[in-house]
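One-letter residues, chain by chain:
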Amino acid sequence: MMDVTWAQFAPAFLLTLFAGLSTGFGALLAFFSKAKDHTFLSIGMGFSAGVMVYVSFVEILDKSKISFITIYGSDVLGESLALVCFFGGIGLSALIDKFIPEDVNPHELKSDKELSVLKEGNKHSVLKNSALKRTGIFTALAIGIHNFPEGFATFISALDDLSLGFSIALAIAIHNIPEGMAVSLPIYHATGNRKSAFWYAFISGLAEPVGAVVGFFLLLPIMGELTLGITFGMVAGIMVYISFDELLPSARMYGNAHTTILGIVLGMLVMAISLVAFKLV
């Protein structure tokens, strides 16, 4: 069983809360940003993908392998089990996507043109207000389902290594911004109520800290090297899936090839420097 102090729990929980509530920031950005300018969003999504992919392969998957090697004393077996968990995390993410309708799936993000139409409140849209509101509400529910394991992943990473947790929380927060937009825009244009649209987006992000707390208390009694090995392996898989399934296509959709690669390289560079700097402290 893993001993966790309040000094470890509190910052890990606050980082997870920050990551989840960025959906609310996405709602605000949707209301007040320029309708057709998503260049910054493109760079941000690429940055988030760069952070997630780099940290998954360089740090998190390695932590999983080390945990298994510590238990079984075999490099080959340790690496093999870590890879099984890694692809298991990818499979879990794909399974969640499969059972969520495409039109409300947060991983099926709106194109730049669709976001602009929603933002401008096109009154000639074939979608009626009730359908728009339904889309927003079901998107909020879908995001809640996706955020649950993401919250647990952020929390466990921060619990083990606060600097690693901070990097993951930042990446998750950036990737949650367009999800907040996807929730708030349909509800806003269906109801004309910015406050209501904001709260739907805000509350959908609460699934992250809830996922952190529920997962923590469920696993705390059995938390040890084996649990950590499985968790870190699956976390790496989940983050890589999110990056390739959502972040990179969205970065390209909202910008172009240059903004996407700029974001990816910046994300990897910042992550690499932060990991090296932390080890020097």
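The structure displayed is predicted, hence computed values, not measured ones.

## A look at the UniProt feature "transmembrane region" (unreviewed entry) in the protein
Okay, so step 1: Following the UniProt record, the feature "transmembrane region" (unreviewed entry) maps to residues 12–32, 39–61, 81–100, 137–158, 197–220, 226–244 and 256–278 here.
Okay, so step 2: Helix makes up 100% of residues 226–244 and strand makes up 0%, while its end C-alpha atoms are separated by 28 Å.

## Observations concerning the nonpolar core
Okay, so step 1: Counting 50 residues, the largest nonpolar core has Met 52, Val 55, Ile 60, Phe 155, Ile 156, Ile 168 and Met 239 as its most contacted members.
Okay, so step 2: Mapped onto this core, the elements with two or more residues apiece are helix H1 (6–32), helix H2 (39–72), helix H3 (75–98), helix H5 (129–160), helix H6 (162–191), helix H8 (207–219), helix H9 (225–254) and helix H10 (257–280).
Okay, so step 3: Ignoring sequence-local partners within four residues, the contact set of Ile 168 consists of Val 55, Ile 60, Thr 154, Ser 157 and Met 239.
Okay, so step 4: Core analysis: the second largest hydrophobic core is formed by 10 residues, Ala 27, Tyr 188, Ala 197 and Ala 201 among them.

## Let's talk about the pattern of salt bridges
Note on pairing: side chains with opposite charge can pair once their charged atoms come close.
Okay, so step 1: This model, assessed by the stated rule, comprises two salt bridges.
Okay, so step 2: Between Lys 65 and Asp 62 there is a salt bridge, and its shortest N-O distance comes to 3.7 Å. Taken together, the positions of Lys 65 and Asp 62, both in helix H2 and three residues apart, correspond to about one turn of that helix.
Okay, so step 3: Across the salt bridge formed by Asp 160 and Lys 63, the nearest N and O atoms sit 3.0 Å from each other. A residue pair is termed long-range when its members are at least 10 positions apart, and Asp 160 in helix H5 and Lys 63 in helix H2 qualify at 97 residues.

## Re H9
Okay, so step 1: Between its first and last C-alpha, H9 extends 41 Å over 30 residues, near the 44 Å set by a 1.5 Å rise per residue.
Okay, so step 2: Of all the bends in H9, the greatest measures close to 40 degrees and is centred on Ser 243.
Okay, so step 3: Most of H9 is tucked away: 21 of the 30 residues are buried.

## Some details on the environment of Phe 244
Okay, so step 1: One can find Phe 244 in helix H9.
Okay, so step 2: Relative accessible area serves as the criterion here: at 49%, Phe 244 is assigned to the partly exposed category.
Okay, so step 3: Linking Phe 244 and Val 53, residues 191 residues apart in sequence, is a C-alpha distance of 8.8 Å.
Okay, so step 4: When residues no more than four places from it in sequence are discounted, the contact partners of Phe 244 are Val 53 and Pro 249.

## As for the UniProt feature "binding site: Zn(2+)" (unreviewed entry) in the protein
Okay, so step 1: According to UniProt, the feature "binding site: Zn(2+)" (unreviewed entry) maps to Glu 150, His 175 and Glu 179 in the numbering used here. On the basis of their most widely separated C-alpha atoms, the annotated residues across 30 residues gather in one place, lying no more than 13.4 Å apart.
Okay, so step 2: Among the structural elements, Glu 150 can be located in helix H5.
Okay, so step 3: A residue is classified by how much of its surface remains accessible, and Glu 150, at 2% relative accessible area, is buried.
Okay, so step 4: You can see Glu 179 is positioned in helix H6.
Okay, so step 5: Using a relative accessible area of 0% as the deciding quantity, one classes Glu 179 as buried.

## Here's the deal with the side chain of Ser 48
Okay, so step 1: Structurally, Ser 48 is set in helix H2.
Okay, so step 2: Owing to a relative accessible area of 0%, Ser 48 belongs among the buried residues under this scheme.
Okay, so step 3: Among residues more than four places away in sequence, those in contact with Ser 48 are Ala 171, Ile 172, Ile 174, His 175 and Leu 247.

Criteria and cut-off values
- Residues numbered from 1 in each chain as written.
- Predicted model: local features only at pLDDT ≥ 70, side-chain atom pairs only at ≥ 80, totals over all residues.
- Heavy atoms only, no water.
- UniProt positions renumbered as here; feature names shortened; annotations may be inferred.
- Helix = DSSP H or I, 4+ residues; strand = E, 2+ residues; numbered from the N terminus.
- Core = buried A, V, L, I, M, F, W, Y, C linked by side-chain atoms within 4.5 Å.
- Buried < 20%, exposed > 50% of the residue type's maximum accessible area, 1.4 Å probe, protein only.
- Contact = heavy atoms within 4.5 Å.
- Salt bridge = Lys/Arg side-chain N within 4 Å of Asp/Glu carboxyl O.
- Expected span 1.5 Å × (residues − 1).
- Bend = angle between axes of the 7 residues up to and from the residue.

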